[in-house]
Amino acid sequence: MLYIISPTKTMKQDGKRKPESIPMFLNQTKEIVKVLQSYSQEDLQGLMKIKEPLAMRVKEQFTSIVFNQLGTSAIETYDGLQFKYMDTSTWDEVDYQYALEHVRILSGLYGIVKPLDSIYPYRLEMQTKIQVAGCKDLYMYWEECISKELQSELQTQEEPYIINLASKEYDKVIRKHIHKEQFIDIIFQVEKKGKRKVEATASKMARGAMVRFVVKYKVQRLEQLYEFCEDGYQLDHELSNSSQIVFYKVVE
């Protein structure tokens, strides 16, 4: 099984685990960077709908970005809630090896990022409206190479499923290109006073906890995912089916 997750806009560079590789689609990444480097700070501010200080930082990031193995490991560079809840400080070498084989981060800049790929801080959401190589947006630019790569990797998996732990912004780039019977959404619900809903913050935490769970227990079969019970979650048998697995927890 392959687990796809979203990147985060917040990033850091103090990871302890040395990178082992560079992202696989560097030619495409360099093509995107070339377009972004042609934008002024004001252009980036309007394009990304960000404030001036952040636009200055983003401009500097794309001006100075390099592509080598001297950056920081992706799994430790992204710094959102999902990644914090993976708790990589507790991972050992066998855990990292499992993650290398099964976890993929989708990215507007890099396409696909493996956990120990060397990356540098950047800001580029998949939904950013830029045109590259005649493509109207990043979805069109990335969809073919990302989906082909994931389909190829699925052939090496014991069970050929893509387990979707990504947000809609990112799963959109591949959803229509993967066979429906191979694409499974993971949904986390929170129940309060008898009513259930999907809460963004809780879902980010739960996605990270699930990555930690599959890494620690070396999950190889779909049925093993049903055993996930971190942070009070439990499987909803009735709502789960061949296209989605639903977990919920009750909060007072």
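Going by the structure above, here's the rest.
Calculation criteria
- In this convention, every chain numbers its residues from 1, walking through the sequence in written order.
- Residue-level local features of this predicted model are given only where pLDDT is at least 70; pairs of side-chain atoms are given and counted only at 80 or more, and the full residue set underlies all totals for whole chains, interfaces and linings.
- Side-chain figures throughout are based on the complete set of non-hydrogen atoms in the structure, without hydrogens or water.
- The numbering of helices and of strands both runs from the N terminus, where a helix is a DSSP run of H or I of at least 4 residues and a strand a run of E of at least 2.
- It is over C-alpha atoms that the radius of gyration is taken, and the globule rule equals 2.2 Å times the number of residues to the power 0.38.
- We call two residues contacting when some pair of their heavy atoms lies within 4.5 Å.
- Method for areas: the Shrake-Rupley scheme with a 1.4 Å probe, in which residue coverage is limited to the protein chains shown.
- For each structure, a 1 Å grid was placed over the protein atoms alone; sets of points admitting a 1.4 Å probe that cannot get out are labelled cavities, open sets with protein on both sides within 12 Å along at least five of seven lines are labelled pockets, and lining residues have an atom within 4 Å of a point.
- Grid points are joined across faces, edges and corners, and a volume is the space filled by probe spheres set on the points.
- Residues were grouped as follows: Ala, Val, Leu, Ile, Met, Phe, Trp, Tyr, Cys and Pro as nonpolar; Asp, Glu, Lys and Arg as charged; and all remaining residues, including Gly, as polar.
- Excluding any residue in a salt bridge, patches collect residues exceeding 30% relative accessible area, merging like charges within 9 Å and nonpolar Val, Leu, Ile, Met, Phe, Trp and Tyr side chains within 5 Å.
- Criterion for a salt bridge: a side-chain nitrogen of Lys or Arg within 4 Å of a carboxyl oxygen of Asp or Glu.
- For the charge count, each Lys or Arg is scored as positive and each Asp or Glu as negative, with His and the chain ends excluded.
- Charge coordinates come from a single atom per side chain, which is NZ of Lys, CZ of Arg, CG of Asp or CD of Glu.
- We call a residue buried when its accessible area falls under 20% of the maximum for its residue type, exposed when it is over 50%, and partly exposed in between, using a 1.4 Å probe and counting protein chains only.
- To pair, rings of Phe, Tyr and Trp, with the six-membered ring standing in for Trp, must have centres within 6.5 Å; the planes then decide the type, stacked if under 30 degrees apart, edge-to-face if over 60, and tilted in the middle.
- A helix is expected to reach a length of 1.5 Å times the quantity of its residues less one.
- Values of bend correspond, residue by residue, to the angle between axes fitted over the seven residues ending at that residue and the seven starting there.
- Counting of polar contacts relies on pairs of N or O atoms within 3.5 Å, with two restrictions inside protein: one atom must be capable of donating a hydrogen and the other of accepting it, and residues adjacent in sequence are counted only when both atoms are side-chain atoms.

Enquirer: When you look at the overall build of the chain in this model, what are you seeing that I'm missing?
Expert: Helix and strand content of the chain: 10 helices and 10 strands. Against the globule reference of 18 Å for 252 residues, the chain gives a C-alpha radius of gyration of 18 Å, in line with a compact fold. Looking at the chain alone, contacts between residues at least 24 apart form 70% of all its contacts between residues at least 6 apart. Working note: accessible area of the chain is about 12,600 Å², and carbon and sulfur atoms make up 48% of it.

Enquirer: I'm lost on empty space enclosed by the protein in this one. Help?
Expert: Rolling a probe over the atoms, with the probe sized like a water molecule, indicates the empty space that remains. For the structure shown, the criterion picks out 1 cavity of 30 Å³ or more. As for the largest cavity, its lining consists of Ile 22, Pro 23, Leu 26, Val 66, Phe 67, Asn 68, Tyr 110, Ser 118, Ile 119 and Tyr 120. Of the residues contributing to the lining of the largest cavity, the split by class is 8 nonpolar, 2 polar and no charged.

Enquirer: Can you help me understand a positive patch on the surface in this one?
Expert: On the surface, a cluster of positive charge is made up of Lys 49, Lys 129, Lys 136 and Lys 172. Take Lys 129: it is sitting in the loop between β5 (118-119) and α7 (138-154).

Enquirer: Just to check I follow, could you spell out the pattern of salt bridges for this structure?
Expert: Pairing between side chains of opposite charge can happen when their charged atoms approach one another. Within this structure, the stated rule accounts for 17 salt bridges. One salt bridge connects Arg 17 with Glu 20, and the closest N-O pair in it is separated by 3.1 Å. The exposure class of Glu 20 is partly exposed, given its relative accessible area of 41%. A salt bridge links Glu 223 to Arg 221; the nearest nitrogen and oxygen atoms lie 3.5 Å apart. By sharing partners, the salt bridges in this structure join Lys 12, Asp 79 and Lys 84 into a single network.

Enquirer: Is there a simple way to explain the layout of surface pockets in this structure?
Expert: Its volume calculated, the largest pocket comes out at about 440 Å³. Lining of the largest pocket is provided by 18 residues; of these, Ser 6, Pro 7, Thr 8, Lys 9 and Lys 204 occupy positions nearest its centre. Of the residues in the lining of the largest pocket, the class split is 6 nonpolar, 6 polar and 6 charged.

Enquirer: I tried to follow the packing of aromatic side chains on my own but got confused; where do I start?
Expert: Working definition: an aromatic ring pair is given by the centre-to-centre distance plus the angle between the planes. What the rule picks out here adds up to 13 aromatic pairs. Ring geometry for Phe 188 and Phe 247: centres 5.9 Å apart, planes at 25 degrees, overall stacked. Taken together, the residues span a long stretch of sequence, with Phe 188 in strand β7 (residues 183-192) and Phe 247 in strand β10 (residues 244-251) at a distance of 59 residues. Judged by relative accessible area, which is 3%, Phe 188 ranks as buried. Residue class for Phe 247 comes out buried when judged on its relative accessible area of 0%. Arranged with centres 5.5 Å apart and planes meeting at 85 degrees, the rings of Phe 213 and Phe 228 form a pair that is edge-to-face. Of this pair, Phe 213 sits in helix α9 (residues 200-217) while Phe 228 sits in the loop between α10 (222-225) and β9 (234-235), placing them 15 residues apart in sequence.

Enquirer: Is there a simple way to think about the environment of Glu 252 in this case?
Expert: Mapped onto the elements, Glu 252 comes out in the segment after β10. For Glu 252, a relative accessible area of 94% gives the class exposed. Each C-alpha atom, one on Glu 252 and one on Leu 44, is 43 Å from the other, the two residues being 208 residues apart in sequence.

Enquirer: What is the right way to look at α7 in this model?
Expert: Because an α-helix packs 3.6 residues into every turn, residues spaced three or four apart end up facing the same way. Helix length check: α7, at 17 residues, gives a terminal C-alpha distance of 23 Å against a target of 24 Å (1.5 Å per residue), a fit within 8%. Its axis deflected by about 30 degrees at Glu 144, α7 carries its strongest bend there. Of the positions making up α7, those classed as buried are Leu 138, Tyr 139, Tyr 141, Trp 142, Glu 143, Cys 145, Ile 146, Ser 147, Leu 150, Glu 153 and Leu 154. Of the surrounding secondary structure, the elements contacted by the buried residues of α7 are β1 (2-5), α1 (26-37), β3 (103-107), β4 (111-113), β6 (162-165) and α8 (168-171). Its side-chain oxygen placed 3.2 Å from the backbone nitrogen of Tyr 139, Asp 137 serves as the N-cap of α7.

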